[in-house]
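Next come the chains, spelled out residue by residue.
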Amino acid sequence: MTRIETAFKNLKQQNKKALIPYVMAGDPSPDSFVGLMHDLVTHGADMIEVGLPFSDPMADGPTVALAGERALAGGTSTHQALQMVKKFRKTDSTTPVILMGYLNPIEIIGYDEFIRLCDDCGVDGVLVVDLPPAESGDFVQRLAQHNMNKIFLLSPTTLPERRKQVMTHCGGYIYYVSLKGVTGSASLDTAAVGEQVQAIKKETDLPICVGFGIRDGQSAAAIGKHADGVIVGSELVKNFTGLDSNSSADEISAAQAKIMDKMDELRQALNQLA
């Protein structure tokens, strides 16, 4: 079993929902990022999605897109992001780490080398926004050979044929995009999301985690009643707005404290569902 699969098995036994924060590698500074990952675990993260900085994101709203720009300006590359995960792994061997990014950097590095690097650094899952299952070739199998899962997205507009492909090739969990929009969108119809999640659950045994638009404990709990986990990114990342690698340690620490307050709120709300 992968670390992701093990985590969901343990959560199910405890009747708990997964809390999966998303943060951008190297944001707001490369030096603070590994500590941020550890703090997220301390404040209730069951796994962590790490964004790979990319100059032309298509699924990211303005908050996460700006986080990527900050990380790139601070010098964080895909290789350096992986090294941050490797450093995190030195003292945390259990929390699953999922990379979320885009295909172009992987193409530049090369599929085999990228998989080798992920394996070496302790990555557990890979979500490539612009690599659909029909075009992924043997990438899924090659990741599985290294005990990693390929995560795919489903959305309210996914056609039935594509939905079947996702369920066939996806591993770890299915990422359900809760709305027609980008990360950080304001409108979230929790009732509609609940209906969609229940429909998907009739077709697969994979855990369903919902992202996009979850902002607080109330929305997390509403989604958590139906899903196996919630993914929260923009609501956390927004606290680094205006900071960069030149910001003082006190400024970064204050922003991280706000993120941890939000994590505590989310964790408490999900725990009440148990």
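The name an unreviewed UniProt entry gives the chain is Tryptophan synthase alpha chain, with Psychrobacter piechaudii as the organism. The Catalytic activity (unreviewed entry) comment attached to the chain in UniProt states, word for word, "(1S,2R)-1-C-(indol-3-yl)glycerol 3-phosphate + L-serine = D-glyceraldehyde 3-phosphate + L-tryptophan + H2O". Note on the chain: under the UniProt heading Subunit (unreviewed entry), the record states "Tetramer of two alpha and two beta chains."

Next up on the list: the packing of aromatic side chains. The geometry of an aromatic ring pair comes down to the distance between the two centres and the angle between the two planes. In total, this model carries four aromatic pairs according to the counting rule given. Summarising the aromatic geometry, the rings of Tyr-111 and Phe-139 are spaced 5.4 Å apart at their centres and angled 75° between planes, so their arrangement reads as edge-to-face. Residue Tyr-111 is found in helix 6 (residues 111–121), and its partner Phe-139 is found in helix 7 (residues 139–145); the two are separated by 28 residues along the sequence. Accessibility expressed as a relative area gives 1% for Phe-139, which makes it buried. For the pair Tyr-175 and Phe-212, a centre-to-centre distance of 6.0 Å together with 90° between the ring planes defines the contact as edge-to-face.

Time to look at unusual backbone geometry. With an omega of 0°, the peptide bond between Asp-27 and Pro-28 qualifies as cis. For Pro-28, the position within the fold is in the loop between strand 1 (18–24) and helix 2 (30–42). The phi dihedral of Asn-15 falls on the positive side, at around 60°, and the residue is not glycine. Take Asn-15: it is sitting in the loop between helix 1 (3–13) and strand 1. When its relative accessible area of 51% is taken as the criterion, Asn-15 is described as exposed. One non-glycine residue, Phe-212, lies in the positive phi region at around 80°.

For helix 10 (residues 217–224), the buried fraction is high: six of the eight residues fall into the buried class. Restricting attention to buried positions, one finds in helix 10 the residues Gly-217, Ser-219, Ala-220, Ala-221, Ile-223 and Gly-224. Lining the buried residues of helix 10 we find helix 9 (190–201), strand 8 (208–211), strand 9 (229–232) and helix 12 (249–271).

On average, residues of the chain score 94 in pLDDT, and 97% of them reach the 70 mark or higher. Note that pLDDT drops below 50 for residues 181–185; the model gives that stretch 18 contacts with residues more than four away or on any other chain.

The next thing to look at is the pairing of strand 1. Extensive coverage of strand 1 is indicated by the burial of seven of its seven residues. Both faces of strand 1 are covered, namely the face carrying Ala-18, Ile-20, Tyr-22 and Met-24 and the face carrying Leu-19, Pro-21 and Val-23. Examined bridge by bridge, strand 1 and strand 9 share four bridges and lie parallel to one another. Note that in strand 9 the partner of Leu-19 across the bridge is Val-230. Looking at chain direction, strand 1 and strand 2 (residues 48–51) are connected through three bridges and run parallel. Bridged to Met-24 within strand 2 is Gly-51. The handedness of the strand 1 to strand 2 crossover, carried by helix 2, is right-handed.

What counts, and where the lines are drawn
Residues numbered from 1 in each chain as written. Predicted model: local features only at pLDDT ≥ 70, side-chain atom pairs only at ≥ 80, totals over all residues. Heavy atoms only, no water. UniProt positions renumbered as here; feature names shortened; annotations may be inferred. Phe/Tyr/Trp six-rings, centres within 6.5 Å; stacked < 30°, edge-to-face > 60°. Helix = DSSP H or I, 4+ residues; strand = E, 2+ residues; numbered from the N terminus. Buried < 20%, exposed > 50% of the residue type's maximum accessible area, 1.4 Å probe, protein only. Contact = heavy atoms within 4.5 Å. pLDDT = per-residue confidence, 0-100. Pairing = 2+ DSSP bridges. Right-handed = clockwise from strand over helix to strand, strands pointing away.

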